[in-house]
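Structural overview
Below, each chain spelled out in residue letters.
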Amino acid sequence: ATPTALLVGTGRGAQLGTLIKGPQVLEDTRRVDTLVLDKTGTVTTGDLRLKKIAVIGRLDKKAALKAAASVEQGSEHPIARAIVAGAKEARIGLPRITDFTANPGEGASARINGTEVTVGKAVLFDTVDPALVEHARTTPGTTVLVGWDGTAHAALTVGDAVRDSSRAAVERLRGLGLTPYLLTGDAEANARSVAEQVGIDPAKVRADVLPTDKHAIVRDLQQQGKVVAMVGDGVNDAAALAQADLGIAMGSGTDVAMDSADIILVRSDLDAVGDAIELSRATLKVIK
Ligand code: ADP
Ligand code: MG
């Protein structure tokens, strides 16, 4: 390999909106046959908005939103930010909270006037009315529950949109010989709906994956003999990006994701993955 050719390749990459972190990366792009895509913020825009509130019994929807948003003031999670923004839009004032605790991949809780309020997945509650479970299962978007004293009292649904370019990008990457998988901490039903919208086989959806387990999914695929490229944006994608044979981070993502990746997409668009892979392969041909 001549260093000049590499510079040309990586330099042009930067122009196209791609930062390639070193010569070895070019070789890796040639070998990859599997593409693991994080859902939120990668296949979708990640711009979550509060869409719907459902309550059990006579609880006021605003009271449910107030309780949830109060807890979420303490969280940096995109779901939390959408819920807090929803409360702000409805001009709901939020009380101070104490004892905030985050459960990564599941939710968060805090004390409001001595009562422990929890927001997140059903596993965080002792009692969840089956009607809320059914509502969560059938409502498009990501539904989290809010409750106190161990009981869920309401459900809040947030949603974002699939990026316009994602479907064509997935098809192009398939054309480049990569089999796409969808990986998310979100629920199965929502993950499958996104997979269907972008043309990913439902059998290749890995949903309800804890942040600490994302890298294990990548490792399992590698143990099956696959050479894995992973695309992600979040803090919880960092270990998986590092585990992958080729880690690709969205430029709009978090610093930790970008630090763990081999390629950074300046343009936060899945189509840039196809550009990066084609460019790397073409650069390699020039060098050889
Ligand atoms: P993703 O893989 O889609 O980026 P995460 O692993 O961050 O998702 O979160 C997985 C799931 O955990 C979310 O879909 C949500 O149900 C729940 N969750 C995590 N953090 C929070 C929070 N602060 N508030 C409510 N729910 C949360
Ligand atoms: Mg993400």
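Residue numbers restart at each chain and count upward from 1, following the sequence in its written direction. Numbering of ligands from 1 and lettering of chains from A proceed in the order in which they are written. With the structure being a predicted model, the display of local features is reserved for residues of pLDDT at least 70 and the display and counting of side-chain atom pairs for 80 or more, all residues being used for whole-chain, interface and lining totals.

**Details of the domain arrangement of the chain**
Interface extent is often summarised as the accessible area lost during association of the parts. For the chain, the assigned domains read domain 1 (3–46 + 162–287) and domain 2 (49–159). Domain delimitation follows an automatic or database domain assignment. Each of domain 1 and domain 2 has a C-alpha centre, and the two are 31 Å apart. When residues are sorted by character, Ala, Val, Leu, Ile, Met, Phe, Trp, Tyr, Cys and Pro go into the nonpolar class, Asp, Glu, Lys and Arg into the charged class, and all the rest, Gly among them, into the polar class. Tallied by class, residues from the side of domain 1 that touches domain 2 come to 4 nonpolar, 6 polar and 1 charged.

**Focus on the environment of glycine 274**
Among the secondary structure elements, glycine 274 is positioned in helix H12 (residues 271–287). Considering only alpha carbons, one finds glycine 274 and leucine 173, 101 residues apart in sequence, at a separation of 5.8 Å. Contact between two residues is assigned whenever their backbone-derived C-beta positions fall within 7 Å. Beyond its immediate chain neighbours, meaning those up to four positions away, glycine 274 contacts Ala169, Arg172, Leu173 and Leu176. Secondary structure counts use DSSP, requiring at least four H or I residues in a row for a helix and at least two E residues in a row for a strand, with both numbered from the N terminus.

**With respect to the sheet that holds strand S7 (residues 142–148)**
The pairing of strands in a sheet comes from backbone hydrogen bonds and takes either a parallel or an antiparallel form. Pairing is antiparallel in the open sheet, where 6 strands are placed in the order S3-S8-S7-S6-S5-S4. In the strand order of this sheet, the two ends are held by strand S3 (49–55) and strand S4 (98–103), each with one partner. Taken over all neighbouring pairs, the strand axes of this sheet differ in orientation by 20 degrees on average, direction set aside. DSSP-based pairing: two strands are paired if at least 2 bridges between them are found. As defined by bridge partners, S7 adjoins strand S8 (residues 151–159) across 7 bridges and the pair is classed as antiparallel. Helix axes are fitted only over the stretch in contact, all axes being lines through C-alpha atoms; the angle between N-to-C directions runs from 0 to 180 degrees.

**Observations concerning the site of ligand 1**
Thr40, Ser75, His77, Gly120 and Gly185 are the nearest of the 22 residues found near ligand 1. Those elements that place two or more of their residues in the shell around ligand 1 are helix H3 (39–43), helix H5 (78–89), strand S5 (107–112), strand S6 (115–120) and S7. Its residues placed into classes, the shell around ligand 1 shows 6 nonpolar, 11 polar and 5 charged. Formed jointly, the shell around ligand 1 draws a minimum of three residues from each of two domains, domain 1 (3–46 + 162–287) and domain 2 (49–159). Put plainly, near means the residue's C-beta atom, positioned from the backbone, lies within 6 Å of the molecule or strand in question.

**Considerations on the sheet that holds strand S13 (residues 263–265)**
Strand order in the open sheet formed by 7 strands is S1-S13-S12-S11-S2-S9-S10, and the pairing between neighbours is mixed. Either end of the sheet is taken by a strand with one partner, and the two such strands are strand S1 (18–20) and strand S10 (205–206). Where S1 lies against S13, 3 bridges are found, and the strand directions are antiparallel. In the sheet register, leucine 19 faces S13, and the bridge partner there is isoleucine 264.

**Looking at the environment of aspartate 271**
By the element assignment, aspartate 271 lies in helix H12. What aspartate 271 contacts, discounting residues up to four positions off in sequence, is Ser165, Ala168 and Ala169.

**Quick notes on helix H8 (residues 188–198)**
Any residue surrounded by 20 or more other C-beta atoms within 10 Å of its C-beta is treated as buried, while 12 or fewer makes it exposed and the intermediate range makes it partly exposed; C-beta atoms here are placed from the backbone. The set of residues buried in H8 consists of Asn190, Ala191, Val194, Ala195 and Val198. Seen along its axis, H8 keeps its buried residues to an arc of 140 degrees; they face one direction. At its buried positions, H8 is contacted by H3, S7, helix H7 (166–175), strand S9 (179–183) and S10. Trailing H8 by a residue or two, glycine 199 shows a phi angle of about 80 degrees, which is positive. Relevant arc is that of directions from the helix axis to the C-beta atoms, nothing else.

**Details of unusual backbone geometry**
Among all residues except glycine, the phi angle is most often negative; among peptide bonds, the trans geometry is most common. Here aspartate 99, not a glycine, exhibits a phi torsion of approximately 50 degrees, which is positive. Along the chain, the position of aspartate 99 falls in strand S4. When the 11 C-beta atoms within 10 Å are taken as the criterion, aspartate 99 is described as exposed. The residue asparagine 113 is not glycine, and still its phi comes out positive at about 50 degrees. Turning to its location among the elements, asparagine 113 is positioned in the loop between S5 and S6. Asparagine 113 sits in the exposed class, given 10 other C-beta atoms within 10 Å.

**Quick notes on the nonpolar core**
The nonpolar core criterion groups buried Ala, Val, Leu, Ile, Met, Phe, Trp, Tyr and Cys residues into a set whenever they are joined through C-beta atoms within 7 Å. In this structure, Ala229, Met230, Ile248 and Val273 are the most contacted members of the largest nonpolar core, which totals 48 residues. Among the elements that make up this core, the one with the highest residue count is H12 (5 residues). With near-sequence residues (within four places) excluded, methionine 230 lies in contact with Val36, Val218, Ala240, Leu241, Ala244, Gly247 and Ile248. Among the nonpolar cores identified, the runner-up in size contains 31 residues, and Leu48, Ile53, Ala136 and Val146 belong to it.

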